[in-house]
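# Fold and geometry: a report
Chain by chain, the residues run as shown.
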Amino acid sequence: MATGETGFDDVTFDLISVQYHSLKAGHDYGQYVRDARNAGRDDIAQFFEQVMQEDSQRAARAHEFLKDLSGSSSSGPAVS
């Protein structure tokens, strides 16, 4: 695997990116849930809660992959 200027290989960088964006989105969805509830749209709030849960699961799965890669020489010095 190639290691770019960041010190991370491409796959590790991609996993970190997915994890970050999933966690960031999950944070934002909390506001969406509140907005929907304030508008009296519990159905939409439930949809946002489902999306938030899916992103949380996605972040956790990326984290597990990152744990598997840590200590691997192919992941680059930033993860080793």
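As a reminder, the structure under discussion sits directly above these lines.
The paragraphs below set out a description of the structure included in this document. (Residues numbered from 1 in each chain as written. Predicted model: local features only at pLDDT ≥ 70, side-chain atom pairs only at ≥ 80, totals over all residues. Heavy atoms only, no water.)

## Section: the packing of helix 1 (residues 10-38) against helix 2 (residues 42-69)
Short version of the rule: Every angle, taken between N-to-C directions, lies between 0 and 180 degrees, and every axis is a line fitted to C-alpha atoms, over only the stretch in contact when it is a helix. Counting from the N terminus, the helices are the DSSP runs of H or I reaching at least four residues and the strands are the DSSP runs of E reaching at least two. An angle below 35 degrees is read as roughly parallel, one above 145 as roughly antiparallel, one from 65 to 115 as roughly perpendicular, and any other as oblique. Each crossing gets its hand from how the near helix is turned against the far one by less than a right angle, where anticlockwise is left-handed and clockwise is right-handed. Three classes are used, and their members are as follows: Ala, Val, Leu, Ile, Met, Phe, Trp, Tyr, Cys and Pro are nonpolar, Asp, Glu, Lys and Arg are charged, and the others, Gly among them, are polar.
Helix 2 packs onto helix 1 with a crossing angle of 160° between their chain directions and a minimal axis gap of 8 Å. Classified by the interaxial angle, the pair formed by helix 1 and helix 2 is roughly antiparallel. Remark: the crossing between helix 1 and helix 2 carries left-handed chirality. For the contact of helix 1 with helix 2, the residue count by class is 20 nonpolar, six polar and five charged.

## So, helix 2
Under the convention used in this document: Here a helix's expected span is defined as the number of its residues, less one, multiplied by 1.5 Å. Relative accessibility thresholds used throughout: buried, under 20% of the residue-type maximum; exposed, over 50%; partly exposed, between the two (1.4 Å probe, protein chains only). In what follows, a contact means two residues having at least one pair of non-hydrogen atoms within 4.5 Å.
If you check helix 2, its first and last C-alpha atoms are 40 Å apart, about what 28 residues at 1.5 Å a residue would give, namely 40 Å. Residues of helix 2 that are buried include every one of A45, V51, D55, A59, A62, L66 and L69, and no others. The inward-facing, buried residues of helix 2 abut helix 1. Following helix 2 by one or two positions, G71 adopts a phi angle in the positive range, close to 90°.

## What to know about the pattern of salt bridges
A pair can form between side chains of opposite charge whenever their charged atoms are brought close. Formally: Salt bridges are counted wherever a side-chain nitrogen of Lys or Arg sits within 4 Å of a carboxyl oxygen of Asp or Glu.
Tallying each qualifying case throughout the model produces six salt bridges. Close ionic contact of D28 with K24 constitutes a salt bridge, the shortest N to O distance being 3.0 Å. You can see D28 and its partner K24 sitting in helix 1, four residues apart, about one turn around the helix. Classification of D28 as partly exposed rests on a relative accessible area of 25%. Residue classification places K24 among the partly exposed positions, given a relative accessible area of 38%. For D42, the salt bridge goes to R37, with nearest N and O atoms at 3.0 Å. The partly exposed category is assigned to D42, whose relative accessible area is 41%. Take R37: its relative accessible area is 35%, and that puts it in the partly exposed class.

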